[in-house]
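Chain by chain, the residues run as shown.
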Amino acid sequence: MLQKVNRVVRACVEMGPKNPILSIHDQGAGGSGNVLKEISEGVGAYIDIRKMLVGDPSMSLLELWTAEFQENDVLLIDPQHEALFDKICKRERA
């Protein structure tokens, strides 16, 4: 999966000023609640935790908010470029 993510990030970076990624933050200690707060600081965000992609659909909202997913990254995407970013992810199967 890491190679797929790297290809997505590279494709976005190569777009130069049209790069849909505003920020990238690695997720470690503190879980989603911590990393989402940090990445959106200064710009604000509306977070719908129910839309988070997870491998275990039985996780509660509290578990999703506090789980420390190692080796994961959070990306802040320009809302105007969400469809473009989705297209790149689908192309790379990421």
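The present account deals with the structure reproduced in this document. The model shown is predicted, which means the values in this text are computed figures rather than measured ones.

### Here's the deal with the overall build of the protein
Then, number 1: What the protein contains, in helices and strands, is 4 helices and 2 strands.
Then, number 2: For the protein, the α and β elements follow one another from N to C terminus as α-β-α-α-β-α.
Then, number 3: For 94 residues, the compact-globule formula gives about 12 Å, and the C-alpha radius of gyration of the protein, at 14 Å, lands near that figure.
Then, number 4: Oriented by its inertia axes, the alpha-carbon framework of the protein measures out at about 35 × 30 × 20 Å.
Then, number 5: By sequence separation, contacts in the protein at least 24 residues apart represent 71% of the contacts at least 6 residues apart.
Then, number 6: Counting every atom, the protein has about 6900 Å² of accessible surface; 54% of that belongs to carbon and sulfur.
Then, number 7: Looking at charge distribution, the protein has the averaged site of its 11 positive side-chain charges lying 11 Å from that of its 14 negative ones.

### What to know about the layout of surface pockets
Then, number 1: Taken as a whole, the largest pocket encloses approximately 1800 Å³ of empty space.
Then, number 2: Looking at the largest pocket, it is lined by 39 residues, and the ones nearest its centre are Leu 53, Asp 73, Val 74, Leu 75 and Phe 85.
Then, number 3: Counting only elements with at least two residues in the lining of the largest pocket, the list comes to α1 (2–13), β1 (21–27), α2 (31–40), β2 (72–77) and α4 (82–92).
Then, number 4: A per-element tally of the lining of the largest pocket places β2 first, with 6 residues.

Scoring rules and cut-offs
- Residues numbered from 1 in each chain as written.
- Predicted model: local features only at pLDDT ≥ 70, side-chain atom pairs only at ≥ 80, totals over all residues.
- Heavy atoms only, no water.
- Helix = DSSP H or I, 4+ residues; strand = E, 2+ residues; numbered from the N terminus.
- Rg over C-alpha atoms; globule rule 2.2 N^0.38 Å.
- Contact = heavy atoms within 4.5 Å.
- Areas by Shrake-Rupley, 256 points an atom, 1.4 Å probe, with all protein chains shown as cover.
- Lys, Arg positive; Asp, Glu negative; His and termini not counted.
- Charge placed at Lys NZ, Arg CZ, Asp CG, Glu CD.
- 1 Å grid on protein atoms, 1.4 Å probe; cavity = no way out; pocket = protein on both sides within 12 Å on 5 of 7 lines; lining within 4 Å.
- Points joined across faces, edges and corners; volume = space filled by probe spheres on them.

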